[in-house]
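Structure assessment
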Amino acid sequence: MSAHPYPSHRRETNAEALTKAAAVLLGLLVGTLAIVAVLMWADARQARDQAAPAAAAPATQQNHATDHNTALPLSSFAGVVPTNAQALAEAHKAYDAAMPPIPATDVVKVHMTLKDMTVQIAPGVRYTTWAFDGHGAPGPIVHVREGQTVEMTLTNGGAIPHSIDFHAARIAPNVAFRDVMPGQSFTFKFKANDPGVFMYHCGTKPVLAHIANGMYGAIVVEPKQALPKVDNEYVLVASEWYLDSDGIDKPASLNMAKARAMAPDWTTFNGYANQYVTHPLTAKPGQTTRFWVVAAGPTLDTNFHVVGTILDRAWVNGDMTRFQRRVQTVGVPAGGGAVFDVKIDKSGLYPFVSHAFAHVDLGQVGLLKVGNPKGTMSH
Ligand SMILES: [Cu+2]
């Protein structure tokens, strides 16, 4: 027995080694197969996850208005202007904020044609609007006296249905504010029995998109009983814009996700950022100036304040039956209006702002230039 210890032992060892090697190889094979299976399962799951949004993508890409993807982050184009912005701002013709006269007739006929058009909303920044009466945004100022009848005709010169909703009207909206098809016209009447400054806007769904695309304006219903006399009257419509590009090389369109997230690129008075900084509204020292303010939104309020003075009279919420005196800032809610008088004795540059200062940063600021002051504004 002793003569064969090694061979015997060695034989046994070889067999053991073979068995172990086979076991290791089998183990490796099983392990590899398991890893491959896990990887294949992960791949399949990833592919399935990717397939679901891909299937939904065509609808969201075709129509911003039905895009429910509000995932952040959203690119901001706030403050993005071309290098010649100052020259462009000076060349821009500011929206005429001066109150137009009241027509003398009992029935005031207003005819607006809706047009799809490209406008500038900041220096060198173009946007494709749905515009009331070729105005871009806001639409024309409608000015009537309490008791007059407004006969409104909307002609739809655009590509999709639109409508017009007057906050100054007491009328069945399903009849008067109905959709008007492209190429069609629709007329309705209402008696302006409630004085104040009111918003009008397109009420076609989704309303957020139609207002965000510029379909809004102001109607002023002057009270029968005259308000205190003033020297200057201006209409300001506050609103915000949500852009899908910077609008410099090609016109921007609506980014519905930003509109839902309430993250505007520009905020404006009368549709164009900072236009009354470059082209100030004017008054003479000692004069009283009246601001008729509407916040069109589509979503954000404006916090009206005139830097360097106090609001002598404030018809808050457009309640023309009473006014508050000597108030500093008044909130005007989206879809609401208010009226403010300021008497300024000293010449100077008096900024009017939304005192929610992100709005100023995004362009909702203008100047009331009283007299002929020297110097420029630091705000
Ligand atoms: Cu519309």
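Counting from 1, residues in each chain are numbered in the order their sequence is written. The predicted origin of the model limits local features to residues at a pLDDT of at least 70 and limits the giving and counting of side-chain atom pairs to 80 or more, whereas totals for whole chains, interfaces and linings rest on all residues. Only heavy atoms go into the side-chain values, all of them from the structure, while hydrogens and water stay out.

Examining the pattern of salt bridges
This is how it is decided: We define a salt bridge as a side-chain nitrogen of Lys or Arg found within 4 Å of a carboxyl oxygen belonging to Asp or Glu. The way it works is that DSSP assigns letters per residue, a run of H or I at least four long becomes a helix, a run of E at least two long becomes a strand, and they are numbered from the N terminus. The buried label applies to any residue whose accessible area, calculated with a 1.4 Å probe on protein chains only, is under 20% of its type's maximum; exposed applies above 50%, and partly exposed to all values in between.
In the structure shown here, the tally under the stated rule is six salt bridges. Put simply, Asp 194 and Arg 170 hold a salt bridge, and the shortest N to O gap is 2.8 Å. Placement of the pair is Asp 194 in the loop between strand S6 (185-191) and strand S7 (196-201) and Arg 170 in the loop between strand S5 (165-166) and helix H3 (173-176), with a sequence separation of 24 residues. By relative accessible area, Arg 170 is classed as exposed at 69%. Note that Arg 322 is salt-bridged to Asp 319, the shortest N-O span being 3.0 Å. Each member of the salt-bridge network shares a partner with another, and the members are Arg 290, Arg 313 and Asp 341.

Quick look at the side chain of Asn 156
Test applied: By the criterion applied in these results, polar contacts are pairs of N or O atoms within 3.5 Å in which, for protein atoms, one can donate a hydrogen and the other can accept it, and in which residues neighboring in sequence qualify only through two side-chain atoms. Pairs of residues are marked as contacts when any of their non-hydrogen atoms sit within 4.5 Å.
As for its position among the elements, Asn 156 is in strand S4 (residues 149-156). Given a relative accessible area of 1%, Asn 156 falls into the buried group. Looking at Asn 156, its side chain comes within polar contact range of the main-chain nitrogen of Gly 158, at 2.8 Å. If we ignore the near neighbours within four places in the chain, the residues touching Asn 156 are Leu 114, Pro 161, His 162, Val 180, Met 181, Pro 182, Gly 183 and Gln 184.

A look at the packing of aromatic side chains
In plain terms, the rule: Between rings of Phe, Tyr and Trp, where Trp is taken as its six-membered ring, a pair exists when centres lie within 6.5 Å; planes separated by under 30 degrees are stacked, by over 60 edge-to-face, and by other angles tilted. By definition, being over a ring means that NZ of Lys or CZ of Arg is both within 6 Å of the ring centre and within 35 degrees of the ring normal.
One pass over the structure, following the stated rule, counts 17 aromatic pairs. With a centroid separation of 5.4 Å and an interplanar angle of 55°, the aromatic rings of Phe 291 and Phe 304 are classed as tilted. Placement of Phe 291 in strand S12 (residues 287-297) and of Phe 304 in strand S13 (residues 302-306) is noted, with a sequence separation of 13 residues between them. Both residues of the pair, Phe 291 and Phe 304, belong to the buried class. Site record: aromatic cluster; members linked through ring pairs are Phe 132, Phe 166, Phe 177, Phe 186, Phe 188, Phe 190 and Tyr 200. The lysine or arginine in question, Arg 313, covers the ring of Phe 323, its NZ or CZ lying 5.8 Å from the ring centre.

Quick look at the coordination of the copper ion
Our working rule: A donor here means an N, O or S atom no more than 2.8 Å from the metal, or no more than 3.2 Å when the metal is Na, K or Ca. Since water is not included, a site may seem to lack partners. By the criteria applied here, four donors are tetrahedral when all angles lie between 85 and 135 degrees, four are square planar and six octahedral when opposite donors are over 155 degrees apart and every other angle lies between 65 and 115, and any other arrangement is irregular.
Donor atoms from the polypeptide that bind the copper ion are His 162 (ND1), Cys 202 (SG), His 210 (ND1) and Met 215 (SD), placed at 2.1 to 2.5 Å. Every donor counted, the four donor atoms about the copper ion form angles of 88 to 135° at the centre, which fits irregular coordination. Along the chain, the residues that donate to the copper ion are spaced as H-x39-C-x7-H-x4-M. Of this pair, His 162 sits in the loop between S4 and S5 while Met 215 sits in the loop between helix H4 (207-212) and strand S8 (216-222), and the two are 53 residues apart along the sequence. Note on accessibility: His 162 and Met 215 belong to one class, buried.

A word on the sheet that holds strand S18 (residues 348-354)
Backbone hydrogen bonds hold the strands of a sheet together, and the pairing may be parallel or antiparallel. Selection rule: Only strands joined by at least two bridges in the DSSP assignment are considered to pair. In this description, a line fitted to the C-alpha atoms serves as the axis of each element, helices being fitted only across the stretch in contact, and the angle between N-to-C directions of two axes falls anywhere from 0 to 180 degrees.
Spatially, five strands are ordered S11-S19-S18-S13-S16 in an open sheet, and the strand pairing comes out mixed. Edge strands, defined here as strands with exactly one partner in the open sheet, are strand S11 (281-283) and strand S16 (329-332). Here the average twist between neighbouring strands, direction ignored, is 25°. Here six bridges tie S18 to strand S19 (residues 365-370), and the two strands are oriented antiparallel to one another. Note that in S19 the partner of Phe 352 across the bridge is Gly 366.

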